[in-house]
Amino acid sequence: MATVTQRMPETTDGGTAAVVVKGVRKVFGTGETAVEALRGVDIVVPKGEFLAVMGPSGSGKSTLLHLVGGLDRPTEGTIEVGGQDLASLSDDELTLLRRRRIGFVFQFFNLLPILSAAENVALPLMVDGVREKQAFERAAASLERVGIAGRSAHRPTELSGGEQQRVAIARALVAEPVLILADEPTGNLDSAAGEQVLDLLRNVVDEGAQTVLMVTHDPRGAATADRMIMLKDGRVAEDHELGRAASLAEVLSHLEELEG
Amino acid sequence: MSVKHAFLGLLAEGPLHGYELKLSFEERLLPSSPLNYGQVYGSLERLERDGLVEHEVIVQEERPDKKVYRITAAGLGELDRWLRNPSVPALDLRNETFLKLAVARRLGDIDTAEVLASERRGSLRRLREVTEARRQAGAEGKGVQLLLLLDLAAFRLEAFLKWLERCEELFDQEATTNGNGNAEDA
Ligand SMILES: Nc1ncnc2c1ncn2[C@@H]1O[C@H](COP(=O)(O)OP(=O)(O)OP(=O)(O)O)[C@@H](O)[C@H]1O
Ligand SMILES: [Mg+2]
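Criteria and thresholds
Residues numbered from 1 in each chain as written. Chains lettered and ligands numbered in written order. Predicted model: local features only at pLDDT ≥ 70, side-chain atom pairs only at ≥ 80, totals over all residues. Heavy atoms only, no water. Helix = DSSP H or I, 4+ residues; strand = E, 2+ residues; numbered from the N terminus. Rg over C-alpha atoms; globule rule 2.2 N^0.38 Å. Buried < 20%, exposed > 50% of the residue type's maximum accessible area, 1.4 Å probe, protein only. Contact = heavy atoms within 4.5 Å. Lys, Arg positive; Asp, Glu negative; His and termini not counted. Charge placed at Lys NZ, Arg CZ, Asp CG, Glu CD. Areas by Shrake-Rupley, 256 points an atom, 1.4 Å probe, with all protein chains shown as cover. Near = heavy atom within 4 Å. Polar contact = N/O pair within 3.5 Å; in protein donor to acceptor, adjacent residues only side chain to side chain. Phe/Tyr/Trp six-rings, centres within 6.5 Å; stacked < 30°, edge-to-face > 60°. Pairing = 2+ DSSP bridges. Axes fitted to C-alpha atoms, helices over the stretch in contact; angles between N-to-C directions.

(A) Summary view of the overall build of chain B. Scanning chain B for helices and strands turns up seven helices and three strands. Overall, chain B shows an N-to-C arrangement of helices and strands of α-β-α-α-β-β-α-α-α-α. In summary, chain B has a C-alpha radius of gyration of 24 Å against a globular reference of 16 Å for 186 residues, an excess of more than 25%. Taking the principal axes of its C-alpha atoms as reference, chain B extends roughly 80 × 40 × 35 Å. Residues classed as buried in chain B amount to 38% of the 186 residues present. Of all intrachain contacts in chain B linking residues separated by at least 6 positions in sequence, the fraction that spans at least 24 positions is 51%. Between the centroid of the 26 positive side chains of chain B and the centroid of its 32 negative side chains there is a distance of 2 Å.

Laid out in structure tokens, this is it:
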């Protein structure tokens, strides 16, 4: 019984929600070439939830993630992260929020090639004014957490894709953000490396009580989450609570029903 | 799945009686598939009829006599043949979801998108369970055989979920080319 922890989802009012998306529309461009990427999206992500976002290509998944991460602003509607309305923040305040409260993980890792793993992870802290020694200590702890402490001195090109993605996760976690945003974090990995990344994100939620919002095309990725929403043409088309898993013995006892 | 051949495999390791065969099958081979006594004794009868196994009656005091089965030379040959030849891949095409979609399309009073959404929810919840069980089994250091069985379940569910996505794509495409009002647009 080591790994299955019972986690009661908190209620989804403002105080316990990590993210609230309300009536959000996003239009790129103007006039004839305008693209309506999001057409009225409402989502509440409770604190400590692992939410997967699926949907066909072009359905607005990355756009949604960017808006929640404060990388871009909606055309209409409001977005709250940790109870803060992003529209009320200046660009500088938004930058601070991104640095301290949100961690990003991307499909192509986005590591700086000339820096070592440890430097990549420590960098955002130093940019935020943390002293070098402390930043490297925290970076080391974060690399340890994702299981690649032994690779700290390596540059990205000297690491496998799976290892690079774990460095990216260490970087996303180092500031101890309340929210992790991941855009197809396993999209560029084989299934074994992808599973390690999913396990890590799952642990982040189970142990750190952090909230994860992850875009994925992979059903196995979605099945690691607590809930899956499906975007279609810029709208939420489906919303599925996936629940907590039963024990291994229980699952085994009714595995055969799969063949229905 | 051939219970008969699995039994030949277990008997190739040494003689067993019926109940031991059932237990060995469930413990060593397929923990997800308990056998009922009908399957156990039915399989043994057929194996014996075909000359692939034979039995010897052991008389026991105070308990019913038991039959101990052993594999014959013909049985070893059949086991070898089974192991070396490809199985017919089970495609599970008598698929319940497929039937629901086919019926829904004919009746038209329930949207196929709704059927797909509910099927997706069911399969995803199942995959969620299997994924978590797989994580648990891995963390507890369970043997590779159990891990692979759970992987087989997971890969199947994954493939099925991908097929549901394909259904949606093709239904959408069909609705667009037919220009009917199936695709909602505000
Ligand atoms: N910066 C931009 N300028 C113009 N159009 C954009 C921009 N970003 C996204 N779009 C458009 O918005 C729509 C949604 O794009 P988005 O990247 O959110 O899709 P997605 O669901 O992430 O797709 P994929 O699965 O392919 O990554 C698309 O039609 C896309 O072309
Ligand atoms: Mg995208």
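(B) Here's a closer look at the overall build of chain A. Counting secondary structure elements, chain A contains eight helices and ten strands. Against the globule reference of 18 Å for 260 residues, chain A gives a C-alpha radius of gyration of 19 Å, in line with a compact fold. With the principal axes as the frame, chain A shows a C-alpha extent of 55 × 45 × 35 Å. Out of the 260 residues belonging to chain A, those deemed buried represent 49%. Carbon and sulfur atoms provide 51% of the accessible area of chain A, an area that totals close to 11,400 Å². Side chains of chain A carry 26 positive and 38 negative charges; the gap between the two charge centres is 5 Å.

(C) Structural context of the site of ligand 1. Residue and element names in this part refer to chain A. Taken together, 13 residues lie near ligand 1, and S57, G58, K61, S62 and T63 sit nearest. Between an oxygen atom of ligand 1 and a main-chain N or O atom of S59, the distance comes to 3.2 Å. K61 has a polar side-chain atom sitting 2.7 Å from an oxygen atom of ligand 1. Isolated, ligand 1 exposes 640 Å² of accessible area, and the fraction of that covered by the protein chains is 58%. At the level of secondary structure, the elements contributing two or more residues to the shell around ligand 1 comprise strand 2 (35-46) and helix 1 (61-68). Looking at which element gives the most residues to the shell around ligand 1, the answer is helix 1, with three residues.

(D) Structural view of the packing of aromatic side chains. Residues and elements named next belong to chain A. One pass over the full model with this rule turns up six aromatic pairs over all chains. Ring centres 6.0 Å apart and planes at 0 degrees place the aromatic pair F104 and F106 in the stacked group. By relative accessible area, F104 is classed as buried at 16%. Look at F106 and you get partly exposed, because its relative accessible area is 23%.

(E) How the structure looks around the sheet that holds strand 1 (residues 17-28) of chain A. Residue and element names in this part refer to chain A. Spatially, the four strands line up as an open sheet ordered 2-1-4-5, and their pairing is antiparallel. Looking at strand neighbours, the two that pair on one side only are strand 2 and strand 5 (84-85), the edges of this open sheet. Pairing between strand 4 (residues 76-81) and strand 5: two bridges, direction antiparallel. Along strand 5, the bridge assignment pairs V81 with Q84. Helix 1 contacts strand 1, strand 2 and strand 4 of the sheet and is inclined by roughly 120 degrees relative to strand 1.

(F) Summary view of helix 3 (residues 117-127) of chain A. Residue and element names in this part refer to chain A. Inspection of helix 3 places A117, A118, N120, V121, A122 and L125 among the buried residues, and these make up the whole buried set. Buried residues belonging to helix 3 abut helix 4 (132-145) and helix 5 (161-173). After helix 3 finishes, the residue G129 shows a positive phi value of roughly 95 degrees.

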